[in-house]
Amino acid sequence: MTSEPPPARVQATDAPGQPEPTPRLKELYRTFEQHSLIPLWTEIGGLMPPQPAPAAVPHLWRWAELLPAAEESGELVPVGRGGERRALALANPGLAGRPFATATLWAAIQYLNPGENAPVHRHSQHAFRFVVEGEGVWTVVDGDPVAMRRGDFLPQAGWHWHGHHNRTDTPMAWIDGLDIPFQHHIDATFFEFGPDDVQTRATPEHSASERLWAHPGLRPLTRLRPTPATPLLAYRWEYTDRALAEQLALEAEGHAVTLEPGHAAVRYTNPTTGADVMPTLRCEFHRLVPGTRTAVRHEVGSSVFQVFDGRGEVGVGEATWTVERGDLFVVPSWQPLTLAAETGLDLFRFSDAPLFERLHLHRSHQEGHDS
Ligand code: GTQ
Ligand code: FE2
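Predicted model, so just to flag it, every value in this text is computed and none were measured. (Residues numbered from 1 in each chain as written. Chains lettered and ligands numbered in written order. Predicted model: local features only at pLDDT ≥ 70, side-chain atom pairs only at ≥ 80, totals over all residues. Heavy atoms only, no water.)

(A) The sheet that holds strand S2 (residues 87-89), seen in detail. Across the sheet, 5 strands lie side by side as S2-S3-S10-S5-S8; this open sheet has antiparallel pairing. Because the sheet does not close on itself, it has two edges, and the strands there are S2 and strand S8 (153-156). When the angles between neighbouring strand axes are averaged without regard to direction, this sheet yields 25°. Against the sheet, helix H3 (residues 63-76) makes contact with S2, strand S3 (106-112) and strand S10 (172-178), and its axis sits at roughly 50° relative to S3, the strand it touches most. (Pairing = 2+ DSSP bridges. Helix = DSSP H or I, 4+ residues; strand = E, 2+ residues; numbered from the N terminus. Axes fitted to C-alpha atoms, helices over the stretch in contact; angles between N-to-C directions. Contact = heavy atoms within 4.5 Å.)

(B) Quick look at the coordination of the iron ion (ligand 2). Distances from the iron ion (ligand 2) to its protein donors, His-121 (NE2), His-123 (NE2) and His-162 (NE2), fall within 2.1 Å. Mapped onto the sequence, the donors of the iron ion (ligand 2) take the spacing H-x1-H-x38-H. By the burial criterion, His-121 is buried, and His-123 matches it. (Donors = N, O, S within 2.8 Å, 3.2 Å for Na, K, Ca; no water. Buried < 20%, exposed > 50% of the residue type's maximum accessible area, 1.4 Å probe, protein only.)

(C) Geometry of the site of ligand 1. As a matter of local geometry, ligand 1 sits amid Arg-85, Ala-87, Trp-106, Ala-108, Gln-110, His-121, His-123, Arg-129, His-162, His-164, Asp-176 and Leu-178. Between an oxygen atom of ligand 1 and a side-chain N or O atom of Arg-85, the distance comes to 2.8 Å. At a separation of 3.0 Å, an oxygen atom of ligand 1 approaches a polar side-chain atom of Gln-110. Burial of ligand 1 by the protein chains amounts to 91% of its free accessible area of 280 Å². Those elements that provide at least two residues to the shell around ligand 1 are S3, strand S4 (117-123), strand S9 (162-166) and S10. Of all the elements, S3 adds the most residues to the shell around ligand 1, at 3 residues. Across the shell around ligand 1, the residue classes tally to 4 nonpolar, 5 polar and 3 charged. (Near = heavy atom within 4 Å. Polar contact = N/O pair within 3.5 Å; in protein donor to acceptor, adjacent residues only side chain to side chain. Areas by Shrake-Rupley, 256 points an atom, 1.4 Å probe, with all protein chains shown as cover. Nonpolar A, V, L, I, M, F, W, Y, C, P; charged D, E, K, R; others polar.)

This is the structure we're talking about:
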């Protein structure tokens, strides 16, 4: 699923079982081209590989390089109507210069200077923000201002108006995740400009969405109908951190509650369904205790990880990297993944898994097990 030009036609003699490249056959191939026809027999290896063969490659972007690039953009590039956002997309080197982290996922670092506003717009793409450091920006979703701080996860489902404003005297950076490449490839994209300024400059501690929805196990009787995306606009670090700490504490007390020994994990969910926060994006948080190494896993679909805290070693496909706070890496489809914690290691993860599950295309494999 990329928009690259098609590869040059394989010559008749390149693939096994091909006919002799006689002048007559060459003439036939020219006829195919003239009539916009392509034979399956020259294409089948690329189109129907025995297992996923993603064009996207395993890749790491270091926070120590991303943040200065965003800061310099903050000095040189204004933010406003048209360009919409001062966001730098992670462009997978396997994806032909497109601003796509994987075949389906967009990941970017976004940056706002003190007093700046990112104008209001809405789009069919599902989005979220995740904050690895800093605070001071409010993202205003359908008029509801939502504070952004370290560790917070802020989903923004498609077709809701949103703008961002920095109300403090320090710049702020965060990461955006969206399903832009997916919606681009399937031609499902809609976009609309809103007012040039943000809808409100209010800076409440808690958004209306949190006041209505952020009470575990409790649901307003006026909101019993399931919605395809979460109505809760902020999942605060305080709760994520506590949920992970309690899993590990329970494990230490002998309860089998972790994903594997020393590996606690939670998924952000839609409180109206218990399913993923948005129809196209799965978002999770993982915590490894020092010295933990995960089993090697393969999964259909792709993921982006950001290191929230700690140091560790990551293996994706053939690549291994030492990672630290803020670093981002991608796991293309079916590439083996293993995570090893040097110190305690906290990782935010997002993926396109809901698409594959919905279409019954999901598969995973853990080396040593089947699932
Ligand atoms: O903040 O609204 O990184 O619309 C890409 C597209 C951020 C946003 C991105 C967007 C936004
Ligand atoms: Fe947006």
